[in-house]
Amino acid sequence: MTPAQVLPMNTKDRRLVGLACLAVLGLATLPWLGSALIVDKLIYLFILVMFAVMWNLLAGYAGLVSVGQQAFIGLGGYALIRLVDAGLPPFVMIFVAAIGAGAVAWLLSWFVLRMKAGEFAIATWVIAETIRSLVMFDPIVQGETGTSLLALNAYDPDLRRLVLYLLALASMVVMVWGTWVLLQRRIGAESQAIRDDEDAAASVGISTFRVKQRIYVIAAIGCALAGALWLASAITFQPRTSFGVQWSVFMLFMVLVGGIGTFIGPILGALVFFGLQELFGDFGAWYLAGVGGLAIFFALYLPNGIVGLWLDRGKDEPLSLRKRLRM
Amino acid sequence: MMMQAMTAEPMLRASGVNKSYGALKVLFDVDFHAMPGEAVGIVGPNGAGKTTLFGALAGSFPVSSGSIHLAGENLSGTSAAERCRLGLARTHQVPRPFLGMSVFENVHVAARSGAGMDQATATDEAAEILRRTGLLALANRSAASLGLLDRKRLEVARALATRPSVILLDEIGGGLTEAELGALIDLIRSLQADGMTVVWIEHILHALLRVVTRLVCMAEGRILAQGDPRDVMAHPQVQRAYLGSSPE
């Protein structure tokens, strides 16, 4: 008897992956061609993609709807400030800071993952605010005033920008590719089962806490890495900004608009959000109202986001993670 | 044969199990067992505690007191997931498919996590179980698109994929046509023939009695009677509690 098989990636998706690889290669050469302004803006776009992909991993694939990921964005930045203040090399410490934030997430997970749904969401926010308050007690942070990553000023601005750009691009690529690989593995299917029904997932042998814990820590490391990169790009660390709930709102918006629980959705959502900020960001309160209105529109009329437009037309989801049995 | 059953170690045994939710007690000193390869039926009126007993056996919640053993191993303190991996699978009275996944993925993840299979073996196993449960043609459909009957089939398929030694079936016959019931009975008999222990809660008595060799009747959280199905059904307390009448 022929063994049963899972269908391989279809031709359209393979083309899409090929295009993505070409785009990454193009982006890798851009700092030598584009202006400093474009490079700075693209660093921010890469960071947005990382935030969206991590929040989608957490909420879209594991059902852990957090409004407190800013805890790790801020911790990534804060740890970087502290490590660099101790005389350690800033670019390397970006990654060490992310791992440190992951360790904090692991500790917090024993408490926060005991909660579900709304309780979990509120707890994550409370934790983020608590960490922010604690960080503000650190004399180096100077309360509300904040501090700066002055060590980076020792580098030539163009070199600093180039290194940061390449680090952000590489981090984004690794995060997107790593998420793809992770979700293809057993833990990916287990996290989706937990998202759909945690008790039923346990009844088929899934260690629900262990799976959620791993996803939570991975998402925390991802957000902390993006947060540390953002700080290295912005230089200034202000607790209210780094630990601000606006990051969670941005993540939610990007994932909602792109398509929650889809692989490509958060990337599309990040592009839309970046475009909106670039085009309308100067309109201040009107811009924020417009973004809010758009989020409400998607929640009401396009709950599956932009990817849902494909699905509604009977087309396959691009880069779907669904395993299809060869019949 | 009877003597063998009397002396062998039960595959599944609950001893003095009590369960309370605050002041509300729902299981009272329940003693229950199923021998290896045996098919045991559980009947009782709604609210008798049948599904609660399944929850207690499967580790869906901790019991207030008492113990549960699987193949001689004390399951106290083990989670539902651990019990599944030890060989105790269950279906749910109201089907609980993973709605964001396909039918195949539902079964595949159970094979991987419950039975610890690798990707390729789990794929083979899932395809075989889908064929056996009549779901193969729907393998790539979203579980959310299934009707109630197919969702019930999926519950059984998912439980089977964990390669259990004991399977707890909770009212999987409800809503089936006679032909579908016949197919279900054939499936359960084939599981038993494979050496699996089956514990089946069911209200469709004629279907249940075609499969089980022992019957347990519960009411108000207690076991009223257990033993030969005909004797149990003829028991006056069972007649009164379950059928609403007692022979004069």
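The structure this text deals with has already been given above.
Structure report, in brief. (Residues numbered from 1 in each chain as written. Chains lettered and ligands numbered in written order. Predicted model: local features only at pLDDT ≥ 70, side-chain atom pairs only at ≥ 80, totals over all residues. Heavy atoms only, no water.)

1. Here's the deal with the interface of chain A and chain B
Many structure descriptions define interface size as the accessible area lost when the parts assemble. Taken together, the contact pairs 29 residues of chain A with 31 residues of chain B. Between chain A and chain B lies a buried interface of about 2500 Å² when both sides are counted; carbon and sulfur atoms form 57% of it. Taken as a group, V204(A), R322(A) and L325(A) account for 24% of the area that chain A buries against chain B, more than any other trio of residues on that side. Between the two partners, chain A and chain B, sit 3 salt bridges. Notably, a salt bridge pairs R322(A) with E105(B), separated by 3.4 Å at the nearest N-O pair. Seen at the junction of chain A and chain B, the total is 13 residue pairs in polar contact (both at pLDDT 80 or more). Elements represented by at least two residues in the side of chain A that touches chain B include exactly α7 (186-196) and α8 (198-203) of chain A. If one sorts the elements of the side of chain A that touches chain B by residue count, α7(A) sits on top with 7 residues. Considered class by class, the residues forming the side of chain A that touches chain B number 13 nonpolar, 6 polar and 10 charged. (Contact = heavy atoms within 4.5 Å. Buried area = accessible area lost by both parts, 1.4 Å probe. Salt bridge = Lys/Arg side-chain N within 4 Å of Asp/Glu carboxyl O. Polar contact = N/O pair within 3.5 Å; in protein donor to acceptor, adjacent residues only side chain to side chain. Helix = DSSP H or I, 4+ residues; strand = E, 2+ residues; numbered from the N terminus. Nonpolar A, V, L, I, M, F, W, Y, C, P; charged D, E, K, R; others polar.)

2. Some thoughts on helix α14 (residues 305-312) of chain A
Along an α-helix, residues three or four positions apart point the same way, because every turn accommodates 3.6 residues. Residues and elements named next belong to chain A. Taken residue by residue, α14 has G305, V307 and G308 as its buried positions. An end-on view of α14 places all buried positions within 105 degrees of arc, on one side of the element. Among the residues trailing α14, G314 stands out with phi positive, at a value near 80 degrees. (Buried < 20%, exposed > 50% of the residue type's maximum accessible area, 1.4 Å probe, protein only. Arc of directions from axis to C-beta.)

3. Observations concerning the side chain of E202(B)
Residues and elements named next belong to chain B. On the secondary structure map, E202 appears in the loop between β8 (197-201) and α8 (205-209). Side-chain polar atoms of E202 contact the backbone nitrogen of G173, separated by 2.8 Å. Polar side-chain contacts of E202 include one of 3.0 Å to the side chain of W200. Excluding anything up to four places from it in sequence, E202 contacts I42, V43, E171, I172, G173, G174, L208 and Y242.

Bear in mind that shape data such as this cannot, by itself, settle questions of function.
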